Amino acid sequence: MSAAVPENAPEHCPGTNSEQAGKVDACAGCPNQQICATTPKGPDPDIGVIRDRLTGVRRKILVLSGKGGVGKSTFTGQLAFALAVDPELQVGVVDVDVCGPSIPRVMGVEGERVHQANTGWQPVYAADNLAVMSVGFLLRESADAVIWRGPKKNGLIKQFMKDVDWGDLDYLLVDTPPGTSDEHLSLVQYLREAGVDGALVVTTPQEVALADVRKELNFCRKVGVRVLGVAENMAGFVCPSCKGESDIFPASNGGARRMADEFGVPFLGSVPLDPLIGKSCDHGVSFVEEYPESPASRAFLDVVAALRAQLD
Amino acid sequence: MSSKVAERLASVENVLLVLSGKGGVGKSTVSVRLARSLVRLGYRVGVLDVDLCGPSVPLLLGVSGRQVHQATQGWVPVFTDETQRLCCMSIGFLLQNQDDAVVWRGPKKNAMIRQFLSDVCWGELDYLIVDTPPGTSDEHLAVIENLKEYKPNGAVVVTTPQASGRILPAVALSDVRKELTFCRTVELPVIGVVENMSGYVCPHCAECANVFSSGGGEAIAEEFNVPFLSKQQRMESRLNCGATNTRHGAARSSAY
């Protein structure tokens, strides 16, 4: 992290990155002294390696949400499919949700393996121009639980950033787990020199979800990641038998649009809940190609267009 | 340190963990409903929210924005009403601003959870329900480790029904599968699987639509040989005020 002096540090703290960390008089009695004094100092040399590795990647986009189950992986996967419709574009997806990787299934490449080549790890290709990397490819069995604490997760994320041979990409989408913790901090830190173009924040309309997503927006502010926009998922439901519309997750507090306004970030659009989206993800196919006539498809493509407009 | 936890929890009869590998399946909703149903059956219940990055329990119990008091015996949890039968502890009570992000790495989260388990004076409780974040990582390990001496009764695993047939387990379920494997690995008994969002009743035509497909929870419970507790039919549109449904409580008490 760039802020080297923690908020609750003692007076005259030299900063956790300093050569003097843990050694000056001010450090006496600080609970962090031992850690500061023993950890290696100076910038992480791998950050430069990651920058060099990702020089062929034009756009790096994080998909974030403080809340789980709002559709981060669905959005990431379907966004990748929608971008890859253009054969001129090269698209990559990396799934850093170490404990719950959904991307292999959503992209229809579950059970595939990653190959090691001289140039690095070879991602799995869901289509000619669509490369995928996930911890799911490294597990022996899909029911295996990855019971890892933070540092081990960080190590793997670093490898994903440093060792995967993406080649030239127009878009690299990074799917994240819910929250604002190790994975997110590490990503931002590792990509500091490579540069992140911004974050797509996904939410659902109800207050319980928005409360967590506000935290995520504050996280972006804190670490200096630009928010490309907020996309609202599962907004409204059209009954398959009577076509009547209703809100499964009602926006009691103005929904995502109002939250985006409050934070001064773009609102990219709302996508209604369509059971066929979930079905497409279960089968690993592109929803917008399978069901182009669905209102959810049209809404989704509007969000994609709005996102691309933010980038250009 | 953990003996302090055992001491602190000596007055707590049962400890249940609510887990799910997947986010947004309704762990907090199920925790809160379970708590309210148990209170209705006459028990004293505490809810501990260890989701540090996204605490939802205060909102669901209608106590967000309240403060925790520090007494000589420790932190006093927040009670939902004067009858003092339902209390709750969450990081949400410790934030200056509700929207502040808790940007913490593992060790700091572990320390906070240890403090929650060792410093909160719950008093006499029949049930302590621990609501967890999604995944199988620091928070979960911290809870299990600190409760090692206490031996929690077990875990309630929540899922949604996305299962495209029994052969192809779907997105939410494959994460729940991981959670069940986690429970096996850490030797935590699974009390059962609760399937949430099992269907949505259209307010216009009263037709029950399977928004997230069907049958998955039951299939996975069978596969792992753990009890299937209940199907929470219909997503309540009362997500913001805390639910009043008692069906779940009935299902739970019969499971005992």
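Keep in mind that this is a model prediction, so the values were computed, not measured.

Undergrad: Can you help me understand the sheet that holds strand β12 (residues 267-270) of chain A in this one?
TA: Sheet strands line up and pair through hydrogen bonds in the backbone, either parallel or antiparallel. Residue and element names in this part refer to chain A. Here 8 strands make up an open sheet; going across it, the order is β5-β6-β2-β7-β1-β8-β9-β12 and the pairing mixed. Looking at strand neighbours, the two that pair on one side only are β5 (124-127) and β12, the edges of this open sheet. Between one strand and the next, the sheet's axes are offset by a mean angle of 20°, whatever the strand orientation. Sheet contacts for helix α11 (residues 295-311): β1 (57-64), β7 (169-175), β8 (198-203), β9 (227-232) and β12; angle to β12, the most-contacted strand, approximately 175°.

Undergrad: Would you mind going over the UniProt feature "binding site: [4Fe-4S] cluster 2" (unreviewed entry) in chain A with me for this structure?
TA: Feature annotation in UniProt assigns "binding site: [4Fe-4S] cluster 2" (unreviewed entry) to the following positions: C239 and C242 of chain A. What makes C239 of chain A buried here is its relative accessible area of 1%. Those residues in contact with C239 of chain A that lie beyond four places of it in its chain are G244 of chain A together with C202 and C205 of chain B. Turning to its location among the elements, C242 of chain A is positioned in the loop between β10 (237-238) and β11 (245-246).

Undergrad: Got a minute to help me understand the packing of helix α3 (residues 72-84) of chain A against α11 of chain A in this structure?
TA: Angle between the axes and distance between the axes: these two values describe a pair of packed helices. Residues and elements named next belong to chain A. In contact at an axis separation of 11 Å, α3 and α11 are set at 80° when each is read in the N-to-C sense. Classified by the angle between their axes, α3 and α11 sit roughly perpendicular to one another. Listed contacts from α11 to F75, Q78, L79, A82 and L83 of α3 are F300, L301, V303, V304, L307 and R308. Among the residues making up the contact of α3 with α11, the classes are represented as 9 nonpolar, 1 polar and 1 charged.

Undergrad: What is the right way to read the domain arrangement of chain A from this model?
TA: The parts lose accessible area when they come together, and the size of an interface is often stated as this lost area. Partitioning chain A into domains gives domain 1 (1-42) and domain 2 (48-311). Taking only C-alpha atoms into account, the centre of domain 1 of chain A sits 35 Å from that of domain 2 of chain A.

Undergrad: I keep staring at the packing of aromatic side chains and nothing clicks. Help me out?
TA: Here the distance between the centres and the angle between the planes together describe a pair of aromatic rings. All told, the structure shown has 6 aromatic pairs over all chains when counted by the stated rule. An angle of 90° between the planes, with centres 5.4 Å apart, marks the rings of F237 of chain A and Y200 of chain B as edge-to-face. Placement of the pair is F237 of chain A in strand β10 and Y200 of chain B in strand β12 (residues 200-201), with the two residues belonging to separate chains. Under the relative-accessibility criterion, F237 of chain A is labelled buried at 0%. Residues Y43 of chain B and Y127 of chain B carry aromatic rings whose centres are separated by 5.2 Å and whose planes lie at 80° to one another, so their mutual orientation is edge-to-face. With Y43 of chain B in the loop between α2 (27-40) and β2 (45-49) and Y127 of chain B in strand β7 (residues 125-131), this residue pair connects regions lying 84 residues apart in the sequence. The exposure class of Y43 of chain B is partly exposed, given its relative accessible area of 33%.

Undergrad: What is the right way to read helix α7 (residues 216-224) of chain B from this model?
TA: What sets the pattern is the α-helix's 3.6 residues per turn: residues three or four places apart point alike. Of the positions making up α7 of chain B, those classed as buried are G216, G217, A219, I220, A221 and F224 of chain B. Taken from the residues just after α7 of chain B, N225 of chain B is the one with a positive phi, measuring 60°.

Undergrad: Can you help me understand the nonpolar core in this one?
TA: Most often, soluble globular proteins keep nonpolar side chains buried together rather than apart. Among the nonpolar cores identified, the biggest contains 87 residues, and V94, M107, W166 and L200 of chain A are the most heavily contacted of them. Listed in part, the 74 residues of the second largest apolar core include V30, I91, W104 and M112 of chain B.

Undergrad: Looking at this model, I keep getting lost on the confidence of the model for chain B. Mind explaining?
TA: Should the pLDDT be low somewhere, the predicted coordinates at that spot are not to be read in detail. All names here are of chain B. Summarising the model, chain B shows a mean pLDDT of 83, and 85% of its residues fall at 70 or more. Low pLDDT, under 50, characterises residues 163-169; the predicted model gives this stretch 16 contacts beyond four residues in sequence or across chains. When the criterion is pLDDT under 50, residues 233-256 qualifies, and its contacts beyond four places in sequence or with other chains add up to 59 contacts. This complex was scored by the predictor with a pTM of 0.86 and an ipTM of 0.82.

Undergrad: Is there a simple way to explain the interface of chain A and chain B in this structure?
TA: Across the boundary between the two partners, chain A contributes 57 residues, which contact 59 residues of chain B. Summed over both sides, the interface between chain A and chain B buries roughly 4,600 Å², with carbon and sulfur atoms accounting for 58% of that surface. A per-residue breakdown of the area chain A buries against chain B is headed by I147, R149 and K215 of chain A, which together make up 16% of the total. At the junction of chain A with chain B, the criterion picks out 3 salt bridges. With its nearest N and O atoms 3.5 Å apart, the salt bridge here joins R105 of chain B to D182 of chain A. At the surface where chain A touches chain B, the tally comes to 19 residue pairs in polar contact (both at pLDDT 80 or more). For the side of chain A that touches chain B, the elements supplying multiple residues, two or more each, are α4 (103-106), α5 (150-163), α6 (182-190), α7 (207-223), β11 and α9 (275-283) of chain A. Ranked by the residues each element gives to the side of chain A that touches chain B, the list is headed by α7 of chain A, at 8 residues. Its residues assigned to classes, the side of chain A that touches chain B shows 24 nonpolar, 19 polar and 14 charged.

Undergrad: Would you mind showing me how to read the sheet that holds strand β14 (residues 228-231) of chain B here?
TA: Residues and elements named next belong to chain B. The strand order across the open sheet formed by 8 strands is β5-β6-β2-β7-β1-β8-β11-β14, and the pairing between neighbours is mixed. The open sheet is flanked by β5 (78-79) and β14, the only strands paired with a single partner. Of the strand pairs in this sheet, β2 and β7 are connected by 5 bridges, and their pairing is parallel. The residue of β7 that forms the bridge with V45 is Y127. Against the sheet, α2 touches β1 (12-19), β2, β6 (86-90), β7, β8 (154-159) and β11 (190-195), its axis set at about 170° to β7.

Undergrad: I'm lost on α11 of chain A in this one. Help?
TA: Residues and elements named next belong to chain A. Here α11 is 17 residues long and its end C-alpha atoms lie 25 Å apart, about the 24 Å a rise of 1.5 Å per residue gives. By the burial criterion, the buried members of α11 are A296, S297, A299, F300, V303, V304, L307 and L311. Projection of α11 onto a plane perpendicular to its axis shows the buried side chains occupying an angular sector of 165°, all on one side. Relative to its buried face, α11 has exposed residues pointing more than 90 degrees away, namely D302 and A309. Regarding α11, its N-cap is S294, as a side-chain oxygen of that residue lies 3.0 Å from the backbone nitrogen of A296 further along.

Cut-offs used in this document
- Residues numbered from 1 in each chain as written.
- Chains lettered and ligands numbered in written order.
- Predicted model: local features only at pLDDT ≥ 70, side-chain atom pairs only at ≥ 80, totals over all residues.
- Heavy atoms only, no water.
- Pairing = 2+ DSSP bridges.
- Helix = DSSP H or I, 4+ residues; strand = E, 2+ residues; numbered from the N terminus.
- Axes fitted to C-alpha atoms, helices over the stretch in contact; angles between N-to-C directions.
- Contact = heavy atoms within 4.5 Å.
- UniProt positions renumbered as here; feature names shortened; annotations may be inferred.
- Buried < 20%, exposed > 50% of the residue type's maximum accessible area, 1.4 Å probe, protein only.
- Parallel < 35°, antiparallel > 145°, perpendicular 65-115°, else oblique.
- Nonpolar A, V, L, I, M, F, W, Y, C, P; charged D, E, K, R; others polar.
- Domains from an automatic or database assignment.
- Phe/Tyr/Trp six-rings, centres within 6.5 Å; stacked < 30°, edge-to-face > 60°.
- Core = buried A, V, L, I, M, F, W, Y, C linked by side-chain atoms within 4.5 Å.
- pLDDT = per-residue confidence, 0-100.
- Buried area = accessible area lost by both parts, 1.4 Å probe.
- Salt bridge = Lys/Arg side-chain N within 4 Å of Asp/Glu carboxyl O.
- Polar contact = N/O pair within 3.5 Å; in protein donor to acceptor, adjacent residues only side chain to side chain.
- Expected span 1.5 Å × (residues − 1).
- Arc of directions from axis to C-beta.

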